[in-house]
Amino acid sequence: MTGGADEGVYFITGKDFTNAGAASSSLKKLLEDRGVPADIVRRFSIAAFEAEMNAIIYAVAGMMRYSITRDMVKVTLQDMGPGIPDISLAMTEGYSTAPDYIREMGFGSGMGLPNIKKNVDHMTITSVVGEGTTLEFDIALSPSP
Amino acid sequence: MKLKDIIDTLELQVMTPGLNLDTEVTGGYASDLLSDVIGHAKEGFVWITFQVHLNIIAVASLKGLAAIILVNSRALDEATLKRAIAEGIPIITSPLPAFEVVGRLYTLGLRCP
Ligand SMILES: Nc1ncnc2c1ncn2[C@@H]1O[C@H](COP(=O)(O)OP(=O)(O)OP(=O)(O)O)[C@@H](O)[C@H]1O
Ligand SMILES: [Mg+2]
């Protein structure tokens, strides 16, 4: 694995479904290039994709910041959007407010946030209704002792 | 079971030319909901779906699925097929409905372990 910190930001545009998943797949490649083990890359990609899709579906715009060090990858996705009134309800498997046209694209099973939670080491959501949501997660890159 | 044997036996049509079909298939999952597939499908599975939106390629690629099997002769647009080829995800179609395709795969011995 190569050392050195690596950080940056991707800008996400709400409702831009043709580029959907672009930020997550370039981050996935970054981790692969650093020689991160495949199972960790997979857990990371799932979390990043679900987070990115939520920003695209629900928000107007978002900023996905990442930092990768030797030990950890961390993502902070801050969006400008409607916010989440009840975070624990939103975290419930099967809870979704996705409208019909979003469901027709295959979203809206209410499994996105639970999938993130399952695949990361730490996850926090803060949200202000009418302003936006910030989702932060990290995953350890070195095998746990 | 190899992907190409499944394709031959079930007379499926491959929409993505040039991709390796020699992959070992480890199981199958049927769903039209992306996050459900992300949560439950496993590496090497075939994914049976009616869903044709571009996002299915990203999901299959991040889960390391063996192939996507589209039912009811669902057609993909050019952009989605290009993405599938670029990501190395074989897209296979069947004229049969999902129930029939899943039933046949099960008879061949595929499970959802
Ligand atoms: N960034 C966000 N801004 C506003 N609301 C959000 C955001 N992310 C999630 N939510 C709310 O939380 C609910 C649950 O999100 P989750 O990702 O678990 O499921 P989903 O997006 O509805 O469906 P799926 O992810 O399975 O396709 C959403 O339906 C939405 O109401
Ligand atoms: Mg979601």
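So, here is what we can say about the structure in this document. (Residues numbered from 1 in each chain as written. Chains lettered and ligands numbered in written order. Predicted model: local features only at pLDDT ≥ 70, side-chain atom pairs only at ≥ 80, totals over all residues. Heavy atoms only, no water.)

### Section: the pairing of strand β2 (residues 27–30) of chain B
Residue and element names in this part refer to chain B. Put simply, the rule reads: We call two strands paired when DSSP finds no fewer than two bridges between them. In DSSP terms, a helix is any run of H or I states spanning at least four residues, a strand is any run of E spanning at least two, and both are numbered starting from the N terminus. By convention, a crossover is right-handed whenever its connection, traced from the first strand over the helix to the second and viewed with the strands pointing away, goes clockwise.
With four bridges joining them, β2 and strand β3 (residues 45–49) adopt parallel strand pairing. Paired with glycine 27 across the bridge in β3 is phenylalanine 45. Regarding the hand of the β-α-β motif, the stretch spanning β2, helix α2 (residues 34–40) and β3 is right-handed.

### Quick notes on the environment of Asp6(A)
Residue and element names in this part refer to chain A. Our working rule: Whether two residues touch is decided by their heavy atoms; if any such pair falls within 4.5 Å, the residues are in contact.
With respect to the helices and strands, the residue aspartate 6 is situated in strand β1 (residues 6–13). When the C-alpha atoms of aspartate 6 and serine 67 are compared, they prove to be 5.6 Å apart, with 61 residues separating the residues in sequence. Those residues in contact with aspartate 6 that sit more than four places away from it in its chain are Leu30, Arg34, Tyr66, Ser67 and Ile68.

### Looking at the nonpolar core
The following threshold applies: Definition of nonpolar core: a set of buried residues of the types Ala, Val, Leu, Ile, Met, Phe, Trp, Tyr and Cys, connected through side-chain atoms within 4.5 Å. Think of it in three bands: with a 1.4 Å probe and only protein chains considered, a residue is buried below 20% of the maximum accessible area for its type, exposed above 50%, and partly exposed in between.
One finds Phe44(A), Ile116(A), Phe137(A), Trp47(B) and Ile68(B) to be the most contacted residues of the largest nonpolar core, which totals 60 residues. The element best represented in this core is helix α2 (residues 38–58) of chain A, accounting for 12 residues. Counting residues in each nonpolar core, the second largest holds 16 residues, with Val25(B), Val46(B), Val71(B) and Val101(B) among its members.

### Points about the site of ligand 1
Applicable threshold: If a single non-hydrogen atom of a residue is within 4 Å of a molecule or strand, that residue counts as near it. Throughout this description, a polar contact denotes any pair of N or O atoms lying within 3.5 Å of each other; where both atoms belong to protein, one of them has to be capable of donating a hydrogen while the other can accept it, and for residues adjacent in sequence the pair is counted only when both atoms sit in side chains. Residue-level accessible areas treat just the shown protein chains as cover; the underlying method is Shrake-Rupley with a 1.4 Å probe. Gly is put with the polar residues, along with every residue not named as nonpolar or charged; the nonpolar set is Ala, Val, Leu, Ile, Met, Phe, Trp, Tyr, Cys and Pro, and the charged set is Asp, Glu, Lys and Arg.
Near ligand 1 there are 22 residues, and of these Asp79(A), Ser96(A), Thr97(A), Gly108(A) and Ser109(A) occur at the shortest range. Mapping the residues adjacent to ligand 1 onto the chains of the assembly identifies chains A and B. A distance of 2.5 Å separates an oxygen atom of ligand 1 from a polar side-chain atom of Ser96(A). For ligand 1, whose accessible area on its own is 600 Å², the fraction buried by protein is 95%. For the shell around ligand 1, the secondary structure elements donating two or more residues are α2 and α5 (112–119) of chain A. Looking at the shell around ligand 1, its residues break down into 10 nonpolar, 10 polar and two charged.

### Re the sheet that holds β2(B)
Sheet strands pair via backbone hydrogen bonds, and the direction of the pair is either parallel or antiparallel. Residue and element names in this part refer to chain B. Ordered by their spatial adjacency, five strands build an open sheet running β1-β5-β4-β3-β2, and the pairing between neighbours is mixed. Where the open sheet ends on each side, the last strands, each with one partner, are β1 (13–14) and β2. Across four bridges, the pairing between β3 and strand β4 (residues 67–70) is parallel. Its bridge partner being in β4, isoleucine 48 is matched across the sheet by isoleucine 69.

### Some thoughts on the interface of chain B and chain A
Heads up, the condition is: The buried area of a pairing is the accessible area, by a 1.4 Å probe, that goes missing from both parts when the two are put together, added over both. Within this document, salt bridges are pairs made up of a side-chain nitrogen of Lys or Arg and a carboxyl oxygen of Asp or Glu, the two lying within 4 Å of each other.
In this assembly, 20 residues from chain B lie in contact with 19 residues from chain A. Taken together, the two surfaces of chain B and chain A that pack against each other cover about 1600 Å², and 54% of this comes from carbon and sulfur. Sorting the residues of chain B by area buried against chain A places Ser35(B), Asn55(B) and Leu62(B) first, and these three jointly supply 33% of that buried surface. At the boundary of chain B and chain A, one finds one salt bridge. A salt bridge links Arg42(A) to Glu43(B), with the shortest nitrogen-to-oxygen separation between them at 2.9 Å. Linking chain B to chain A there are eight residue pairs in polar contact (both at pLDDT 80 or more). For the side of chain B that touches chain A, the class distribution of residues is seven nonpolar, eight polar and five charged.

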